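Spelled out from the first residue to the last, the chains are:
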Amino acid sequence: MKCSELIQLFNQQADESYACSWDNVGLLAGSQTKEIQKVYIALDATDAAIEEAIAQHADLLLTHHPLIFQGIKRITDDDLIGRRMIRMIRADLSYYAMHTNFDVMGMAQLAAEKMRLRGTVPLEVTCMEDGAAQGIGRVGSLEREMRLCECCELVKAAFGRTHVKVFADLQKQVQRVAICPGAGKSDVQLALAAGADVYITGDIDHHTGIDAAASGMAVIDAGHYGIEHIFVPYMAQYLNTRAPQLEVAVQGQAEPFQIV
């Protein structure tokens, strides 16, 4: 199929118009008229992801996080972004990013479903869709009240984690949950205002974590990659279902750091 037709499929899942104003989503390299037969999906356009996509003869690389995020005035091999863009263009590898538009129309609800949350509503409302609020993150309730240490085990099982970072007493009872895949520091106050007993997210720093715990809300930091990697298998299944003529390859779980 043509790249323009594939983009229509992406927009059926998460239209580019749902992206936050500061974001940069959509086709970031390549031509809409290009024929696409194989798509490679990763969370980030790392060197490893790009080289693997090229090695597998993919026509388009799909990622969650955009490689080009802020405005740039030149593309040269003098910097990391430039080198990666040049590598993709030389290899005729088109590049598409679904970031906050997917956070709003996909990631948040998917994460809530993996935690089996009930009665969910958006944590941070960013828009309305058919009269219903949509946005970043979700707030809902666990199936039952449980200790924080039990909730940690649920998080690890839901997202395939071997470890999480926790702020608060592990014996604390929790049931109302706020979850925000990715970096959730900016929405801590919204989680508190929503009455969450525990906030599940990533990239929580020391002071934010201890202050949240002191305010009565536990924090489970499962990592930025730790939750958002669910984008990769979800979009692979989405394309396999809606465009079976495409070949789809995915990057295996590739935690960007190691715990030693």
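Below, the structure is looked at part by part. In this text the structure is predicted, and so the values were computed from the model without any measurement.

### Description of helix α2 (residues 47-55)
Within the span of α2, buried status applies to Ala49, Ile50, Ala53 and Ile54. Considered in projection along α2, the buried side chains sweep an arc of 130° and stay on one side of the axis. Of the exposed residues in α2, those oriented more than 90 degrees away from the buried face are Ala48 and Ala55. The secondary structure elements touched by the buried residues of α2 are β2 (38-42), β3 (60-63) and α3 (80-90). Histidine 57 sits one or two positions beyond α2 and adopts a positive phi of about 60°.

### Things to note about the sheet that holds β2
What the five strands build is an open sheet, ordered β1-β4-β3-β2-β11; its pairing is mixed. In this open sheet, the two edge strands, each paired with only one partner strand, are β1 (26-29) and β11 (247-250). For this sheet, the mean angle separating the axes of adjacent strands, direction not counted, is 25°. Here β1 pairs with strand β4 (residues 94-97) via three bridges, running antiparallel. Its bridge partner lying in β4, alanine 29 is registered against tyrosine 95. The sheet strands contacting helix α1 (residues 3-13) are β1, β2, β3 and β4, and the helix crosses β3 at an angle near 15°.

### Structural notes on unusual backbone geometry
Even without being glycine, alanine 168 reaches a positive phi, approximately 125°. Examined against the element boundaries, alanine 168 turns out to sit in the loop between β7 (165-167) and β8 (173-183).

### Let's talk about the layout of surface pockets
Approximately 270 Å³ is the volume attributed to the largest pocket. Lining the largest pocket we find 17 residues, and of these Trp22, Thr100, Asp103, Ile136 and Ala183 sit closest to its centre. Looking at the lining of the largest pocket, the elements with two or more residues in it are α4 (100-114), β8 and α8 (224-228). Among the elements that line the lining of the largest pocket, the one with the most residues is β8, at four residues.

### Comments concerning the nonpolar core
Soluble globular proteins tend to pack their nonpolar side chains together in the buried interior. Counting residues in each nonpolar core, the largest one holds 68 residues, and the members touching the most others are Leu6, Leu62, Met115, Ile200 and Phe231. Contacts of phenylalanine 231, omitting those with residues within four sequence positions, involve Ile41, Ala42, Leu43, Leu62, Thr63, His64, Met98, Phe102 and Met107. Of all hydrophobic cores here, the second largest spans 19 residues; its members include Ala29, Ala49, Leu61 and Met88.

### Considerations on the pairing of strand β6 (residues 132-147)
In the sheet, strand β5 (residues 118-129) pairs with β6 via eight bridges, with the strands oriented antiparallel. By the bridge assignment for β6, valine 121 is matched with valine 139. Taking the residues between adjacent antiparallel strands as the criterion, β5 and β6 are bridged by two residues, where aspartate 130 takes a positive phi near 55°. The sheet contact formed by β6 and β8 spans six bridges and is antiparallel. Note that in β8 the partner of arginine 147 across the bridge is glutamine 173.

What counts, and where the lines are drawn
- Residues numbered from 1 in each chain as written.
- Predicted model: local features only at pLDDT ≥ 70, side-chain atom pairs only at ≥ 80, totals over all residues.
- Heavy atoms only, no water.
- Buried < 20%, exposed > 50% of the residue type's maximum accessible area, 1.4 Å probe, protein only.
- Helix = DSSP H or I, 4+ residues; strand = E, 2+ residues; numbered from the N terminus.
- Arc of directions from axis to C-beta.
- Contact = heavy atoms within 4.5 Å.
- Pairing = 2+ DSSP bridges.
- Axes fitted to C-alpha atoms, helices over the stretch in contact; angles between N-to-C directions.
- 1 Å grid on protein atoms, 1.4 Å probe; cavity = no way out; pocket = protein on both sides within 12 Å on 5 of 7 lines; lining within 4 Å.
- Points joined across faces, edges and corners; volume = space filled by probe spheres on them.
- Core = buried A, V, L, I, M, F, W, Y, C linked by side-chain atoms within 4.5 Å.

What is shown is where atoms sit, not what they do.
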